[in-house]
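A look at the structure
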Amino acid sequence: MNPTDIHLLRAFLAAGDAFVSGSVLAEEVGLTRVAIWARLEKLRENGFVFEAVRNRGYRLLKTPSHLDGRLVAAHLALTGAERTLHFHPSIDSTNSEAERLLATSGTAPFVVAAAGQTKGRGRLGRVWHSPAEGNLYASFAFRPRIAHRRIATITLWMGAGLCDYLERAWGVPVQVKWPNDLLIQGRKVAGILTEARIDADLTRELVIGIGLNIQGNTAAWPAEASRVATTLTEHASAPLPVNAVAAGFIETVFQLYEAFIAETHREAFPMLWKKYDALAGKTIRASMNGRELSGEAAGIDGDGALLLQATDGQTHRLHSGEVTIGSGR
Ligand code: BTN
């Protein structure tokens, strides 16, 4: 990604509706005014619309409806937090790329984000349908050195915290379905794939991969994905600025991770889980050690296990697996 483009876009975002002088921009990035004009022409080819007025400068009128790495980086830069973003218009899987980068370099944390994936992976060996339609595919890489058993709760904490971000920032009513799905009105809007390398019970490398359906025509997706999926846009009151949503989402993941590691999330976690729990009080089915269980979902325990109050009167703790809503009868 061209750092000049990121700098220019950051300046336009900071200015909002105001004009930014071409000579101020030129001085800031150390280029001529003609060179600035040329860079803006290139950005125009990529879906950016600028208004140019003599003696006032330029202002940004429209941003692309696809994911643009430079714009995501510019939004992130505006928050003041310095995050390392590796952006790809298309890649096999951002989780695979994050794992490759962790294996070859010492630096973490970072995020690998892509506009599209050719081999997007879901949980339980499933495919994550990843068209380049203005969705976010992102994998966050960390070297946390935390006990292996805390990994389950970090995924749950991310899920609840991201519901909170999406509702507060964009007014979309998202819920978290244990253990790793984000739902809107029962349909999947995001999924989390957490992968870790564990050594002597310590998590050395952690990759949290998240696919967020921001927009796109889910009706045209392959039948299996189309049947269960939805997008944020389908439930938003106005069109969403894809790149601002993605940048806010990315920054939220980093902040959630930092709170988890510092253990400052302990008070908020149960409250957020209760607020956004898609299963609470619902009749559910699950399988545990090969046994089919059915009963009422009753929240999670301190280890992140799902509590299931079974029809046999017992409370079961589920540490992993898949849950179906409904009695199935
Ligand atoms: C699931 O619900 O099964 C989890 C889906 C996780 C998909 C994301 S998209 C970004 C990252 N890269 C991948 O290949 N998978 C995760």
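The following refers to the structure shown. (Residues numbered from 1 in each chain as written. Predicted model: local features only at pLDDT ≥ 70, side-chain atom pairs only at ≥ 80, totals over all residues. Heavy atoms only, no water.)

1. As for the site of the ligand
The test is simple: If even one non-hydrogen atom of a residue comes within 4 Å of a molecule or strand, that residue is called near it. The definition of a polar contact used here is a pair of N or O atoms within 3.5 Å, where within protein one atom must be able to donate a hydrogen and the other to accept one, and adjacent residues in sequence count solely through side-chain atom pairs. Using the Shrake-Rupley algorithm and a 1.4 Å probe, accessible areas are obtained, with residue cover drawn only from the displayed protein chains. A cavity here means a set of points on a 1 Å grid, drawn over the protein atoms and nothing else, where a 1.4 Å probe fits but cannot get out; a pocket is an open set with protein on both sides within 12 Å along at least five of seven lines, and a residue lines either one if it has an atom within 4 Å of a point. Think of it this way: if more than half of a molecule's atoms are within 2 Å of a pocket's grid points, that molecule is in the pocket or cavity. Numbering of helices and strands runs from the N terminus, with a helix taken as a DSSP run of H or I at least four residues long and a strand as a DSSP run of E at least two residues long.
The immediate surroundings of the ligand are formed by 21 residues, with Ser93, Gln117, Arg121, Arg123 and Lys188 found nearest. In this structure, Thr94 approaches the ligand through a side-chain N or O atom, which is 3.1 Å from a nitrogen atom. Within the backbone of Arg123, one N or O atom sits 2.6 Å away from an oxygen atom of the ligand. Across the complex, the protein chains shield 98% of the 410 Å² of accessible surface that the ligand would expose by itself. More than half of the atoms belonging to the ligand lie within 2 Å of the grid points that define the largest pocket. Of all the elements in the fold, those that place two or more residues in the shell around the ligand are α5 (94–104), β5 (136–142), β9 (187–199) and β10 (202–212). If you tally residues by element for the shell around the ligand, the top one is β9, at four residues.

2. Here we look at the pairing of β9
As a reminder of what qualifies: When DSSP finds at least two bridges between two strands, those strands are taken to pair.
Judged from the four bridges that link them, strand β8 (residues 181–184) and β9 form a sheet pairing that is antiparallel. Looking at the pairing, Ile184 lines up with Arg187 of β9. Where β8 folds back onto β9 in an antiparallel hairpin, the turn is made up of two residues, including Gln185, whose phi is positive at roughly 45°. As paired strands, β9 and β10 are joined by ten bridges and run antiparallel to one another. What sits directly across from Leu193, in β10, is Gly209. Counting the residues that bridge the hairpin from β9 to β10 gives two residues, and of these Ala200 lies at a positive phi of roughly 45°.

3. A look at the packing of helix α1 (residues 3–15) against helix α4 (residues 69–79)
Short version of the rule: For helices, the fitted axis covers only the stretch in contact; all axes are lines through C-alpha atoms, and the angles between them, taken along N-to-C directions, range from 0 to 180 degrees. Working rule for angles: under 35 degrees goes down as roughly parallel, over 145 as roughly antiparallel, 65 to 115 as roughly perpendicular, anything else as oblique. Crossings are assigned a handedness: left-handed for a near helix turned anticlockwise from the far helix by less than a right angle, right-handed for a clockwise turn. Contacts were defined at the residue level, with two residues in contact if any of their heavy atoms lie within 4.5 Å. Throughout, the ten residues Ala, Val, Leu, Ile, Met, Phe, Trp, Tyr, Cys and Pro are labelled nonpolar, Asp, Glu, Lys and Arg are labelled charged, and all others, Gly among them, are labelled polar.
At a minimum axis distance of 8 Å, the contact between α1 and α4 shows a crossing angle of 60°. Overall, the two elements α1 and α4 adopt an arrangement that is oblique. Every pair of crossing elements has a handedness; the one defined by α1 and α4 is right-handed. Of α4, the residues touching α1 (which contributes Asp5, Ile6, Leu9, Arg10, Leu13 and Ala14) are Arg70, Leu71, Ala73, Ala74, His75, Ala77 and Leu78. Classifying every residue of the contact of α1 with α4 by side-chain character gives nine nonpolar, one polar and three charged.

4. Focus: the nonpolar core
The cut-off we apply is this: Residues belong to one nonpolar core when they are buried, are Ala, Val, Leu, Ile, Met, Phe, Trp, Tyr or Cys, and are joined through side-chain atoms within 4.5 Å. Type-normalised accessible area, obtained with a 1.4 Å probe on protein chains alone, sets the label of each residue: buried when under 20%, exposed when over 50%, and partly exposed for intermediate values.
In this structure, Leu136 and Leu232 are the most contacted members of the largest nonpolar core, which totals 85 residues. Among the elements that line this core, the one with the most residues is helix α8 (residues 242–262), at twelve residues. In contact with Leu232, not counting residues within four places along its chain, are Leu166, Val172, Val174, Ile184, Val189, Leu212, Asn213, Ile214, Leu240 and Val245.

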